[in-house]
Amino acid sequence: MRSVGIGLASGVSAAEVLAAVDAVLPDPAGPVALATLDSRVREPGLVDAAGRRGWPLTGHPAEVLAGVRVPAPSGAVARRVGTPSVAEAAALLTGGVLEVGKTVHGRVTVAVARLPDPAHPAAEPPGGTVTPHDAPHPVGLRLAGRRVVVVGGGAAAHRGAAGLLAAGAQVAVVSPDVTPALESAAAAGRLTWCARPYAAGDLTGAWFALAATGDPDVDAAVLADADRERVFCARTDGSPAASAELPVTGRAGDLVVAVHGADDQRAAAGLRDGVLAGLADGTLAVRRREHGRGSVVLVGGGPGDPGLITVRGRQALATADVVVADHLGPQPLLASLPPEVQIIDASKLPRGRSMAQETINDLLVNHARAGRRVVRLKGGDPFVFGRGYEELQACTAAGIPVEVVPGITSAVAVPALAGIPVTHRGLTHEFVVVSGHLPPGHPQSLVDWAALGRLRGTLVVLMGVDTAPAIATALIGHGRAPDTPVAVVTDGSTPTQRALRTTLADLPATLTQHGVRPPAVWVVGEVAHLTSAGRGRVAACR
Ligand SMILES: C[S@@+](CC[C@H](N)C(=O)[O-])C[C@H]1O[C@@H](n2cnc3c(N)ncnc32)[C@H](O)[C@@H]1O
């Protein structure tokens, strides 16, 4: 079945109509139907021609024809009759593939669309058929190793070719001139450049084509050839006639974000950017199964402010099925997790309730073995007094894939948030971070307190509130001056953050006087005397 679209002037004879139609129809043509603009459907010559052959004749309103995508729209025709195409649009409106594009024969214009064979519908896919309401199907083409033809050599062609090359396509650029970047890609063998105007036959063997010349006539010719050869073709000028539409795209890991914006590319790009930004900072949660295989991500959550977790850490949280969390770190982020995410409290309170490390290790391994994506959310950095490496070892021994996402350690960040740099040119060229968990002299202590007493630089003590008096005594006993400045910072980065200034000799009294409780970081050394305003030193608090 063929649908012949007809555009004609008034007063055309039946002979003229039939001559034009016969010129484009194959012989034998099989069943034929004629279609035209409704204001022409009563033209005597047309009615007579249809009657002589026994062909049905249908008229369509201009606004309906205007909604049909055609290879060769005409502004002049649109101005005259209200639709940029009569013959092609009328032929295509009944469904089918354009077989013969707009052909002018005397005072008659004809176009032919071949309709699906009802007996073999699968043999006649409806490619090229469009309706006023059609929207592009966002199919993802796998173009790696497949021939793609880009017609044009300017900026639009360059941009299109870059995307196609990124998809691994074998790109052939057809254009007398190209941008320097395209020329260099051709010289490097990344694409083929045919340095001449487009010619019929260039699309042979192509899976996809991009008409990007900026010349509407050439782009329309490329599209018409592509339609004939059943090659999907996009136009960079955004013509709705094209059989394909390039979306604006972006990548987030192995996810591809593609937005079809129709005639509003700016809106499409804005949506694409919003999605990518959300995926990048983890505010857009994408929970993905790891193909039945669980995993563990050890995430350093930073000192507590949710803004001080890394982007990668936030991304991991956004994809977690289970979060095993400490009491330190960004607690507000836990509240923002959706209800389906299981949160397990694995806090170790200083000298208080504490989940055994073996239990934590088992939790990580067992949840991952059950196919879940587990995030172990820890305060600061997982490998700074965080037992993160033990958890990594447990997972590795169990064959669980494990990733480490470093965090901002409180050892540096908490002093910094109180305006104290752990190094400062001219004051100190070193800083040592030490655990005060075990006091000097404890049989299991691995710290050389004598060496630290001789240290001239910055000493940062973590987990050292209860042991501070013993540590201060040891440091002074091993040579550190009693009036060495000390800064104590509690609840760093949280709304209750507090900083106290004192000296090594006065540290025990200061802690008692101010009722200091963990978590606290204290800093020994000249830097502890610097002010957050950067103007010299602060007076000690006594
Ligand atoms: C078990 S350690 C964990 C350290 C952590 N992995 C890191 O890199 O910051 C806990 C100690 O870190 C320090 N700490 C952690 N967060 C803190 C905060 N927000 N304010 C003050 N000290 C903090 C305290 O000394 C606390 O006792």
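Preceding this paragraph is the structure being described.
For clarity, every value in this text was computed on a predicted model and none was experimentally measured.

## Focus: the site of the ligand
Line of reasoning, step 1. Looking at the ligand, there are 18 residues lining it, with V384, T409, S410, G492 and A520 nearest.
Line of reasoning, step 2. At a separation of 2.7 Å, an oxygen atom of the ligand approaches a polar backbone atom of A520.
Line of reasoning, step 3. Relative to its free-state accessible area of 570 Å², the ligand is covered by the protein chains to the extent of 90%.
Line of reasoning, step 4. Elements represented by at least two residues in the shell around the ligand include exactly α14 (410-417) and β22 (520-524).
Line of reasoning, step 5. Here the residues of the shell around the ligand sort into 11 nonpolar, 5 polar and 2 charged.
Line of reasoning, step 6. For the shell around the ligand, the two domains that each supply at least three residues are domain 4 (295-408) and domain 5 (412-529).

## Some details on the sheet that holds strand β1 (residues 2-8)
Line of reasoning, step 1. Overall, mixed pairing links the 5 strands, which are arranged β3-β2-β1-β5-β4 in an open sheet. Only two strands of the sheet have a single neighbouring strand rather than two, namely β3 (57-60) and β4 (97-105). Pairwise comparison of adjacent strand axes, ignoring direction, gives a mean angle of 20° for this sheet.
Line of reasoning, step 2. Bridge analysis of β1 against strand β2 (residues 32-37) gives 5 bridges, and the strand direction is parallel.

## A few points about the sheet that holds strand β9 (residues 208-211)
Line of reasoning, step 1. With respect to topology, 5 strands assemble into an open sheet ordered β8-β7-β6-β9-β10, the strand pairing being parallel. Two strands in the sheet have a free side with no partner beyond their single neighbour: β8 (192-194) and β10 (232-235). Adjacent strand axes in the sheet meet at a mean angle of 20°, parallel and antiparallel pairs treated alike.
Line of reasoning, step 2. Pairing of strand β7 (residues 170-174) with β8, which is carried by 3 bridges, proceeds in the parallel orientation. Among the inter-strand pairings, V173 is bridged to a residue of β8, identified as W193.
Line of reasoning, step 3. Across the face of the sheet, helix α8 (residues 216-228) comes into contact with β6 (147-151), β9 and β10 while running at roughly 165° to β10.

## Side note on the environment of G479
Line of reasoning, step 1. Within the secondary structure, G479 sits in the loop between α16 (468-477) and β20 (485-490).
Line of reasoning, step 2. Spatially, the C-alpha atoms of G479 and V311 are 43 Å apart, while their sequence positions differ by 168 residues.
Line of reasoning, step 3. Beyond its immediate sequence surroundings of up to four residues, G479 is in contact with G453 and R456.

## Details of the pattern of salt bridges
Line of reasoning, step 1. Summed over the entire model, instances satisfying the criterion amount to 15 salt bridges.
Line of reasoning, step 2. Between D48 and R52 there is a salt bridge, and its shortest N-O distance comes to 3.1 Å. Here D48 and its partner R52 are both found in helix α2 (residues 44-53), 4 residues apart, which amounts to about one turn of the helix.
Line of reasoning, step 3. For R52, a relative accessible area of 54% puts it in the exposed group.
Line of reasoning, step 4. The partner of R517 in a salt bridge is D466, and the shortest N-O contact between them spans 3.6 Å. Here R517 is found in the loop between α17 (507-513) and β22, whereas its partner D466 is found in the loop between β19 (458-462) and α16, with 51 residues between them in sequence.
Line of reasoning, step 5. What makes D466 partly exposed here is its relative accessible area of 42%.
Line of reasoning, step 6. Shared partners join several salt bridges into a network, and the residues in it are D326, R376, K378 and E391.

Scoring rules and cut-offs
- Residues take numbers from 1 onward in each chain, read along the sequence in its written order.
- Local features in this predicted model are restricted to residues whose pLDDT is 70 or higher, and side-chain atom pairs enter the listing and the counts only when it is 80 or higher, whereas totals over whole chains, interfaces and linings include all residues.
- Note: side-chain values were computed over all heavy atoms of the structure, leaving out hydrogens and water.
- If a single non-hydrogen atom of a residue is within 4 Å of a molecule or strand, that residue counts as near it.
- Contacts described as polar in this section are N or O atom pairs within 3.5 Å, which, within protein, must combine one atom able to donate a hydrogen with one able to accept it, while residues neighboring in sequence count only if both atoms come from side chains.
- Here, Shrake-Rupley sampling with a 1.4 Å probe gives the accessible areas, and only protein chains in the shown set may cover a residue.
- Only DSSP runs of H or I covering at least 4 residues are called helices, and only runs of E covering at least 2 are called strands; the numbering of each starts at the N terminus.
- In the scheme used here, Gly and all other residues not listed as nonpolar or charged are polar, with Ala, Val, Leu, Ile, Met, Phe, Trp, Tyr, Cys and Pro taken as nonpolar and Asp, Glu, Lys and Arg as charged.
- Start and end positions for the domains come from either an automated domain assignment or a database one.
- At least two bridges found by DSSP between two strands are what make those strands a pair.
- Angles run from 0 to 180 degrees between N-to-C directions of axes, and those axes are lines fitted to C-alpha atoms, restricted for helices to the stretch in contact.
- Working rule for contacts: check all heavy atoms of both residues, and any pair within 4.5 Å makes them a contact.
- Each reported salt bridge corresponds to a side-chain nitrogen of Lys or Arg within 4 Å of a carboxyl oxygen of Asp or Glu.
- Note on exposure labels: buried denotes an accessible area under 20% of the residue type's maximum, exposed denotes more than 50%, and partly exposed covers the range between, all computed with a 1.4 Å probe on protein chains only.

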